Amino acid sequence: FVQYGPKQGVSGVVTDILQDEKGNLWLGSYDGILFLDSKQISSISTNVEKTLNFKTITQKNGLVDRHAYQLLMLPEGKLAVGSPKGIQVFDVPNL
């Protein structure tokens, strides 16, 4: 069992995990959406000293609420995000 937390690049409480068709990892959290590209996923190991380079998507990037509770990949590269303020749909290539 390996735990990844703030020291390894995962901030906040994780509420949902989604892997898209390209193998990228999306985490919904209390601090927004964390994105990890598939190239980094293949290098994940039991070395918890390794820091992962998550891209963080927050209200500064257009989220209507800092909490991203639910994630759902939609057709045509769209990501639906459920938050306390409703559902928001993003065009993934533009994130």
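Everything here concerns the structure above.
Q: Help me get a handle on the nonpolar core, residues and values and all.
A: Core analysis: the largest hydrophobic core is formed by 13 residues, its most contacted members being Trp26, Ile33, Leu71, Leu79 and Val81. Going through the elements one at a time, strand E3 (32-36), strand E5 (70-74) and strand E6 (78-83) are the ones with two or more residues in this core. Those residues in contact with Ile33 that sit more than four places away from it in its chain are Trp26, Leu27, Lys55, Thr56, Ile57, Leu63, Ala68, Leu71, Leu79 and Val81. Within the second largest apolar cluster, 7 residues are counted, among which are Val10, Leu34, Leu52 and Phe54.

Q: Just give me the short version of a nonpolar patch on the surface, but keep the residues and values in it.
A: A contiguous nonpolar patch, built from Val13, Tyr30 and Tyr69 and spanning about 250 Å² of accessible area, is present on the exposed surface. Positionally, Val13 belongs in the segment before strand E1 (14-19).

Q: Talk me through the side chain of Gln88; I want residue IDs and the actual numbers.
A: Along the chain, Gln88 falls in strand E7 (residues 86-91). A distance of 3.0 Å separates the side chain of Gln88 from the backbone nitrogen of Val64, its partner in a polar contact. Setting aside chain neighbours within four positions, we find Gln88 in contact with Gly62, Leu63, Val64, Leu79, Ala80 and Val81.

Q: Go over the sheet that holds strand E4 (residues 55-57), please, and point to the residues and values.
A: Each strand in a sheet pairs with its neighbour through backbone hydrogen bonds, running either in the same direction (parallel) or in the opposite one (antiparallel). What the 4 strands build is an open sheet, ordered E1-E2-E3-E4; its pairing is antiparallel. Two strands bound the open sheet, and with one partner strand each, they are E1 and E4. Strand-to-strand twist across the sheet, computed as the mean angle between neighbouring axes with direction ignored, equals 20°. As paired elements, E1 and strand E2 (residues 25-29) share 5 bridges and run antiparallel to each other. Bridge assignment links Val14 to a residue of E2, and that residue is Ser29.

Q: Describe the packing of aromatic side chains, listing the residues and the values that go with them.
A: Evaluated as defined, the whole model comprises 2 aromatic pairs. Taking the centre distance of 4.5 Å and the plane angle of 55° together, the rings of Trp26 and Phe35 count as tilted. By the burial criterion, Trp26 is buried, and Phe35 matches it. Seen in terms of ring centroids, Tyr30 and Tyr69 are 5.9 Å apart; in terms of plane orientation they differ by 75°. Their pairing is edge-to-face. One end of the pair, Tyr30, is in the loop between E2 and E3; the other, Tyr69, is in the loop between E4 and E5, with 39 residues separating them in the sequence. Residue Tyr30 is classed as partly exposed on the basis of its relative accessible area of 33%.

Thresholds applied
- Residues numbered from 1 in each chain as written.
- Predicted model: local features only at pLDDT ≥ 70, side-chain atom pairs only at ≥ 80, totals over all residues.
- Heavy atoms only, no water.
- Core = buried A, V, L, I, M, F, W, Y, C linked by side-chain atoms within 4.5 Å.
- Buried < 20%, exposed > 50% of the residue type's maximum accessible area, 1.4 Å probe, protein only.
- Helix = DSSP H or I, 4+ residues; strand = E, 2+ residues; numbered from the N terminus.
- Contact = heavy atoms within 4.5 Å.
- Patch = residues over 30% accessible without salt bridge, like charges linked within 9 Å, V, L, I, M, F, W, Y side chains within 5 Å.
- Areas by Shrake-Rupley, 256 points an atom, 1.4 Å probe, with all protein chains shown as cover.
- Salt bridge = Lys/Arg side-chain N within 4 Å of Asp/Glu carboxyl O.
- Polar contact = N/O pair within 3.5 Å; in protein donor to acceptor, adjacent residues only side chain to side chain.
- Pairing = 2+ DSSP bridges.
- Axes fitted to C-alpha atoms, helices over the stretch in contact; angles between N-to-C directions.
- Phe/Tyr/Trp six-rings, centres within 6.5 Å; stacked < 30°, edge-to-face > 60°.

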